[in-house]
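Geometric and topological summary
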Amino acid sequence: MQRRSRGINTGLILLLSQIFHVGVNNIPPVTLATLAVNIWFFLSPLKPLLGSCLSVETCYQQKDWQRLLLSPFHHADDWHLYFNMASMLWKGINLERRLGSKWFAYVIVTFSLLTGVVYLLLEFALAEFMNEPVFRRNCAVGFSGVLFALKVLNNHYCPGGFANVLGFPVPNRFACWAELVAIHFISPGTSFTGHLAGILVGLMYTLGPLKKIMEMCAGNFPSPVHYPGQQYYFNSSGYSRYQDYYPHGMPGYSEEVPRDYDAYTAGLSEEEQLERALRASLWDRGWSMRHPASYSS
């Protein structure tokens, strides 16, 4: 697996333009730091992709466990970086303001490590049960496993409504699964297992014991901030809204808070941005020939 050489990193330029349109001062600190680290490692990678991607063979058999730390922060090309970080920008603004910066940083670190571990377990299980050694060699890079975990978390806090997945309305609680399948069919070179690992980690936090374990390990570390009686969501017009939530559908007061998200999404939903980015990437020259190994997108 080698990073494609490009004369102009269009995806990187587009990402930077979105960040500056939102305004650096308007991006919460942990979200901004996560964007900066991923961009830095794209421009100055610590290792080549073959030296940072995550697989059972390299980690378990060759004992190269540092890949658990390296793989989420390395990307195969500028479009890979663009889509992941555009998604991180959207999710980070939402979740960091809800959870608080310290807890959100704790979540990012935990999800980054745990998503890699779950990915390795899934690939190992597939290799054993299907008797296919190729699963041991599947090597994945990218932040998208963590993003799928964060999407589960976001949908948990915003259970109502629908998401637009490739033009089809999907209930929020099923949106992650719909995107998992849609991305696999649109771009078969992506890591289905890496994305699935992210969803499972997110479910471990929202429905399983992971959050309790994190709270116990944190000790005096501040717990996530909750906003009872309020729902936080984004709509396609580029505004965020805090709305009083009534379980029986009673009307409530709603306060619009302009965020100028249209400036960097062009009015597109996150799923529509995904479709556009994937199509652009797929049309890019040499897409299918230069990436025989899978990677998370």
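Analysis parameters
- Residues numbered from 1 in each chain as written.
- Predicted model: local features only at pLDDT ≥ 70, side-chain atom pairs only at ≥ 80, totals over all residues.
- Heavy atoms only, no water.
- UniProt positions renumbered as here; feature names shortened; annotations may be inferred.
- Salt bridge = Lys/Arg side-chain N within 4 Å of Asp/Glu carboxyl O.
- Buried < 20%, exposed > 50% of the residue type's maximum accessible area, 1.4 Å probe, protein only.
- Helix = DSSP H or I, 4+ residues; strand = E, 2+ residues; numbered from the N terminus.
- Contact = heavy atoms within 4.5 Å.
- Disulfide = S-S within 2.5 Å.
- Core = buried A, V, L, I, M, F, W, Y, C linked by side-chain atoms within 4.5 Å.
- Expected span 1.5 Å × (residues − 1).
- Bend = angle between axes of the 7 residues up to and from the residue.

The name given to the chain in an unreviewed UniProt entry is Rhomboid-related protein 4 isoform X3, with Acinonyx jubatus as the source organism. Of the comments in the UniProt record for the chain, the one headed Subcellular location (unreviewed entry) reads "Membrane".

1. Things to note about the pattern of salt bridges
Pairing between side chains becomes possible if they bear opposite charge and their charged atoms approach one another. Scanning the model with the defined rule gives three salt bridges in all. We note a salt bridge from R67 to D64, for which the minimum N-O separation is 2.8 Å. Both residues of the pair, R67 and D64, belong to the buried class. For E179, the salt bridge identified is with K151, shortest N-O distance 3.3 Å. Taken together, the residues E179 in helix α10 (residues 172-186) and K151 in helix α9 (residues 144-157) connect sequence positions 28 residues apart. You'll find E179 and K151 in the same group, each marked buried.

2. Re the UniProt feature "transmembrane region" (unreviewed entry) in the chain
Sites flagged by UniProt as "transmembrane region" (unreviewed entry) map to residues 103-122 and 181-207. Annotated as residues 103-122, this span is 100% helix and 0% strand, and its ends, taken at the C-alpha atoms, are 27 Å apart. In residues 181-207, the share of helix is 78% and the share of strand is 0%. The end C-alpha atoms are 22 Å apart.

3. Concerning the side chain of T110
On the secondary structure map, T110 appears in helix α7 (residues 101-129). The exposure class assigned to T110 is buried, which follows from its relative accessible area of 17%. Setting aside chain neighbours within four positions, we find T110 in contact with L210 and M214.

4. Description of the state of the cysteines
One pass over the full model with this rule turns up one disulfide. The side chain of C53 participates in a disulfide bridge whose partner is C139; the two sulfur atoms lie 1.9 Å from each other. Linking C53 and C139, the disulfide has an S-S dihedral of approximately 85° and is accordingly described as right-handed. Residue C53 is located in the loop between α3 (49-52) and α4 (56-61), and its partner C139 is located in the loop between α8 (134-137) and α9; the two are separated by 86 residues in the primary sequence. Judged on exposure class, the residue C53 and its partner C139 are both buried.

5. Details of the nonpolar core
Counting residues in each nonpolar core, the largest one holds 49 residues, and the members touching the most others are M88, V107, F111, L150 and Y205. Per-element accounting of this core gives the leading share, eleven residues, to helix α6 (residues 78-99). Once you skip the residues sitting within four places of it in the chain, V107 turns out to touch L99, L150, L153, Y205 and M214. Membership of the second largest hydrophobic core comes to seven residues, among which are C176, L180, I183 and L196.

6. A word on α6
Over its 22 residues, α6 runs 30 Å from end to end, which matches the ideal 32 Å to within 8%, given 1.5 Å per residue. The largest bend in α6 comes to about 30°, at G92. Of all the 22 residues making up α6, 21 are buried; the element is thus mostly covered by neighbouring parts of the structure.

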